[in-house]
Structures are given as structure tokens and as C-alpha cells.
Amino acid sequence: MRRPTPRGPLSTHLLAVLDGAPGPAPALVEAARTAAASSRDVVEDEDVQLTLLSLYELHYRGIDGVDDAWEWHPDLIAARGVLEEAFEAELRARVPVPQTEARTADEIARALFELTSAEDGPSLARHIARRATAEQVDEFAMHRSIYHLKEADPHSWALPRLTGRPKSALVEIQADEYGGGRPGYVHAELFGSTLRAMGLDDHDGTYLDRVPASTLASVTMMSMFGLNRRLRGAITGHLAAFEMTSSVPNRHLSNGFRRVGHGPEVTAYFDEHVEADAVHEQIAGRDLAGALAEDEPALREDVLWGAAACLAVDGLAGRRILEAWERGESSLRPVPAAAAA
């Protein structure tokens, strides 16, 4: 990932630490505690969310110029833990566990479909289908690049944490996400092709400086769920909700991109997800999330909570974009002075 521009004292401290050779960084842990304690809203805190995303990126494909040996450094893991504790606490305070008597895999799947089918405010995908300008469509792609250029990877952390039916279901879903072993068909690569066809940059992190904390939070939440074994219920519930809210919106997105003049070289990514995710939602609801809740009843509430958290945080990111557009403004952050220079 391209190196981001800091957004506050904590991310400035982290990126300065990462500039050097791996070594003790106890002050970073204290800086994380200070940032977490002083934040009014960890979910939309620009400094905290950029720091979390940067720390997580060390477990994916790394950051330009940063030594890979930093990945498991105890001080970085400790700082991450401080921020995760605050982030999870804020999410749990905001998002209650959906109440249901569902217990079996089929019942859990039905409960998840009911949860994800509820209308809750304006739809970003419908706005793009009907009203978005070409410039807004470009902005949307920039927002989505933060996740889609690593699409499926956050959920794959769950694979070694599952067994039996849930593991088999996740393997089936992820095999499709990674193109069934066909080079060039990995969904992250398909989204890169979409960006290039739109005249945008497909390098990981190109638009990181431009998107707000609300967009980052939808990605950092996935990484937090996936990288913590104790949250394996949440990551499976998240994936179920993610897939259940994908097929129809992707049809809207494809229509909107065509409406502003983009051809099949751009819309192919969205068209692929209309069909694929209609299948994935059934597998994710019953055989993954439902089966995990049935097999490990202690995880049932986290499965449901992970789905609800997905809807809440993704919904927040979408609302922030729509609010900016309704004000006649860009949904992107200004180009940082350091980046512009």
C-alpha cells in the first residue's frame, strides 16, 4: 500500500516509527492510549482509523518502504490492541445484538435475511443508479478501492479459525472471490480493471488520503473481526450480511455506471457480483454463519452482532457520502498539502 499522509498525532507517531528499523516503540502504546481516551467518536476519528488501517496493512501486503519485520512487533500489537478495545467498545455501544429466538442454521439464516432486508434510510446504490453524476461515480469508486483492492482477504482470516460445515462454506465462497484459481479473475483484480477502465489509478492506497474515517472504519472493522479469533462469530456474521446486501445493490451500481456512459469493461465487476453474490448469500447465511451459530451456541450472539455491525458501519459510510452530495459537495477529503506538493 502507498504510504498515507498522517491525520493527527497518533498516525504521525506511527508513520515516524515505521520509517525506522524495527525496535522498541513504547511511546506509541502511550500515544494510542491517549488517542483512544480523548476521542469523541472512535468510529469516525480520522487519526485513530488511519492508524488502525496502517497497523492492519502490515498483515496484508505491507506499506511502501516499511520493513516487514514490524508486522508482529510487540509494541505495535499492543498499540493496536488499545485501539481495538476502544473501537469494539464503541461498536458494541452503538450496535445492539439483534433479538431473535433463532437457534438452528436455517433459523439463523432466516433471521439474517430479515435483518438485512429491512429498509433503513436512503440507498447509496439507488442514488448512483438514478441520480449520481459522472464525478460522483468516480468518487464512489475511489471510496470502494480501499476495500475492493483487497477484496475477500479480511474474511479469509477466519479460515484457520473454523472447522466442519462453516469452514467448508467459507472455502466455497472464497474460492469464487479469488477467481476459482484463474489468474485475472480474482475479484480484487477485476476491480482494479474497473478502475483502470474508468481512467483511475488501481494502485493500493492511491485514494487512501482522500476518503474519510467513515469509509476506513468499514474496512478496519473487517480486519479487527478477522484477525481476532475470539471475534470469529462476528466475521462470519459480517460476511453473511455483506453477501446478503450485495446482489441487488450491484445491479443498481451497474445500471448507474452505464447511465453515465461506462461500458462493459467497467460494469463487468458489478455484473459478476449480481449473480455470484445471489448464490453466496445462501451459503453464507445457512452453511457459514448459521452453521457456526448452531455448532457453537456461545458464538450465536456474535454472529448476529457481526451482521448488524456490518449494516451499521457500511450504512454510516454510505450516509456520509450521500450527505456530502446532497450539500453539493465532494464526499472526498481535500488533497493533503504534503501529497499535493
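Data block above holds the structure.
Residues numbered from 1 in each chain as written. Predicted model: local features only at pLDDT ≥ 70, side-chain atom pairs only at ≥ 80, totals over all residues. Heavy atoms only, no water.

Sorry, what's going on with the side chain of T51 here?
Assignment of secondary structure puts T51 in helix α3 (residues 46–57). You can call T51 buried: its relative accessible area is 2%. The residues contacting T51, other than those within four sequence positions of it, are L10, S11, L14 and L83. (Helix = DSSP H or I, 4+ residues; strand = E, 2+ residues; numbered from the N terminus. Buried < 20%, exposed > 50% of the residue type's maximum accessible area, 1.4 Å probe, protein only. Contact = heavy atoms within 4.5 Å.)

Got a minute to help me understand the pattern of salt bridges in this structure?
Between side chains of opposite charge, a pair can form as their charged atoms come close. As enumerated under the stated definition, the model contains 23 salt bridges in all. One salt bridge in this structure joins R33 and E30, with 2.4 Å as the shortest N-O distance. Taken together, the positions of R33 and E30, both in helix α2 (residues 26–38) and three residues apart, correspond to about one turn of that helix. With a closest N to O distance of 2.6 Å, R230 and E88 form a salt bridge. Here R230, found in the loop between α11 (213–227) and α12 (232–244), pairs with E88, found in helix α4 (residues 74–94); they are 142 residues apart in sequence, far enough to count as distant. Of the residues examined, R230 reaches a relative accessible area of 48% and is grouped as partly exposed. When salt bridges that share partners are traced, they join E88, R92, R230 and D302 into one network. (Salt bridge = Lys/Arg side-chain N within 4 Å of Asp/Glu carboxyl O.)

How should I be thinking about the environment of M1 in this particular structure?
With respect to the helices, strands and loops of the structure, M1 is situated in the segment before α1 (9–18). For M1, a relative accessible area of 9% gives the class buried. On a C-alpha basis, the gap between M1 and D277 in space is 27 Å, while along the polypeptide they are 276 residues apart. M1 has contacts with L53, E57, G62, I63, D64, D204, G205 and L208, leaving out every residue within four places of it along the chain.

I'm lost on the nonpolar core in this one. Help?
Within soluble globular proteins, side chains that are nonpolar tend to cluster in buried spots. If you look at the biggest cluster of nonpolar residues, it comprises 102 residues, and the most contacted ones within it are L18, L76, F87, I128 and F225. A total of twelve residues in this core trace back to one element, the largest contributor, which is helix α15 (residues 300–326). Excluding residues that lie within four positions of it along the chain, F87 makes contacts with V42, V43, Q49, L52, A217, T220, M221 and M224. (Core = buried A, V, L, I, M, F, W, Y, C linked by side-chain atoms within 4.5 Å.)

Is there a simple way to explain the side chain of T116 in this structure?
When you line up the elements, T116 lands in helix α5 (residues 105–117). In contact with T116, other than residues within four places in its own chain, are A241, M244, T245 and L311.

Honestly, a negative patch on the surface in this entry has me stumped. Any pointers?
Taken together, the side chains of E172, D176, E272 and E275 present a region of like negative charge at the surface. Among the elements of the structure, α9 (164–177) and α14 (264–295) are those that each provide at least two residues to the negative patch. (Patch = residues over 30% accessible without salt bridge, like charges linked within 9 Å, V, L, I, M, F, W, Y side chains within 5 Å. Areas by Shrake-Rupley, 256 points an atom, 1.4 Å probe, with all protein chains shown as cover. Lys, Arg positive; Asp, Glu negative; His and termini not counted. Charge placed at Lys NZ, Arg CZ, Asp CG, Glu CD.)

Help me understand the environment of W72, please; the structure alone is not making it clear to me.
Structurally, W72 can be placed in the loop between α3 and α4. Placed 17 residues apart in sequence, W72 and L55 show a C-alpha to C-alpha distance of 10.0 Å. For W72, the residues in contact, after removing those within four places along its chain, are H59 and I77. A distance of 3.3 Å separates polar atoms of two side chains, one belonging to W72 and the other to E71. (Polar contact = N/O pair within 3.5 Å; in protein donor to acceptor, adjacent residues only side chain to side chain.)

So far we have only geometry, and geometry alone does not tell us how the molecule works.
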